[in-house]
Amino acid sequence: VAIQCLETVFKITLEDTHLASSQHLIEMFTNSIQKNDMLPLSHSLPEGVVKADQLKDEGNNHMKEENYGAAVDCYTRAIELDPNNAVYYCNRAAAQSKLNNFREAIKDCESAIAIDPKYSKAYGRMGLALTSVNKYEEAVTSYQKALDLDPENDSYKSNLKIAEQKLRDVSSPTGTGLSFDMASLINNPAFISMAASLMQNPQIQQLMSGMMSNAIGGPAAGVGGLSDLSSLIHAGQQFAQQIQQQNPELIEQLRNHIRSRYLSGSTEEHS
């Protein structure tokens, strides 16, 4: 049947021997493969795409060396050569975040997601950048999307919890966004010693007296208590300055305590 179909389509018959090839089809195929070895994939791609991938690898090496400015430059050049590769945008977002250029990082993540809506790493890195600019609600959404795409990623899980906690802190009427462990601070011997020393200072005693007076609504209260609030804030700032001068090491310890608990230093691998 196949022979008859071919004869009908091409209007030939088995009697047309002058059309016969000197080789069987299988022999022609085998000889062709032997003569033309397959080229490596990189050689079969457009030159610009190959160069872009090399720049991406170079950028990744700069990231490992913490040379983030050079990494941004490499990823940017890669994007210019191949603007439809989501990995280049996502990697540049990581480098921008390391340089504290969080808004640029967010834009790069958005570009990566526009190219590849199922790119979990882009959602994860956008969550980090959003958290850094205090957009906690959007960060929670980004991490949730990242986890939908990569449910077993522990980094996304922990960063989602951090973003959710920060969102609760700023949503709380009394939330300050710090929420560090006050009990451990009060029980810190260095803090107790410093506080006792400071309270012997007449200037500090006067500040504390003024703060207490304002807190209970002293005679200097203005309309709606605004004058008291301003005075209280000013007194608190002065008190903090005295603490900073008295024991700057302890202040740095407190800052590190807050950072270690609430900031996440992402160590995601680069593509």
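A short tour of the structure in this document, coming up. These figures come from a predicted structure and were not determined experimentally.

Together, Leu6, Val9, Phe10, Ile12 and Leu19 make up an exposed nonpolar region whose accessible area comes to about 500 Å². Along the chain, the position of Phe10 falls in helix α1 (residues 2-10). Of the residues examined, Phe10 reaches a relative accessible area of 56% and is grouped as exposed.

Counting across every chain of the model gives 0 disulfides. The structure places no disulfide on Cys90, whose sulfur is separated from the nearest cysteine sulfur, that of Cys109, by 5.4 Å.

A separate point is the packing of helix α4 (residues 47-64) against helix α6 (residues 86-98). Two numbers describe how α4 lies on α6: the axes approach to 11 Å, and their chain directions differ by 25°. The angle between the axes of α4 and α6 places the two elements in the roughly parallel class. Between α4 and α6 the crossing geometry is left-handed. Together, Val49, Ala52, Asp53, Lys56, Asn60 and Met63 of α4 and Tyr88, Asn91, Ala94, Ala95 and Lys98 of α6 make up the contact between the two elements.

The next point concerns unusual backbone geometry. With phi around 55°, Lys11 is a residue other than glycine that occupies positive phi space. Under the relative-accessibility criterion, Lys11 is labelled exposed at 72%.

Definitions and limits used
- Residues numbered from 1 in each chain as written.
- Predicted model: local features only at pLDDT ≥ 70, side-chain atom pairs only at ≥ 80, totals over all residues.
- Heavy atoms only, no water.
- Patch = residues over 30% accessible without salt bridge, like charges linked within 9 Å, V, L, I, M, F, W, Y side chains within 5 Å.
- Areas by Shrake-Rupley, 256 points an atom, 1.4 Å probe, with all protein chains shown as cover.
- Salt bridge = Lys/Arg side-chain N within 4 Å of Asp/Glu carboxyl O.
- Helix = DSSP H or I, 4+ residues; strand = E, 2+ residues; numbered from the N terminus.
- Buried < 20%, exposed > 50% of the residue type's maximum accessible area, 1.4 Å probe, protein only.
- Disulfide = S-S within 2.5 Å.
- Axes fitted to C-alpha atoms, helices over the stretch in contact; angles between N-to-C directions.
- Parallel < 35°, antiparallel > 145°, perpendicular 65-115°, else oblique.
- Left-handed = near helix turned anticlockwise from the far one by under 90°.
- Contact = heavy atoms within 4.5 Å.

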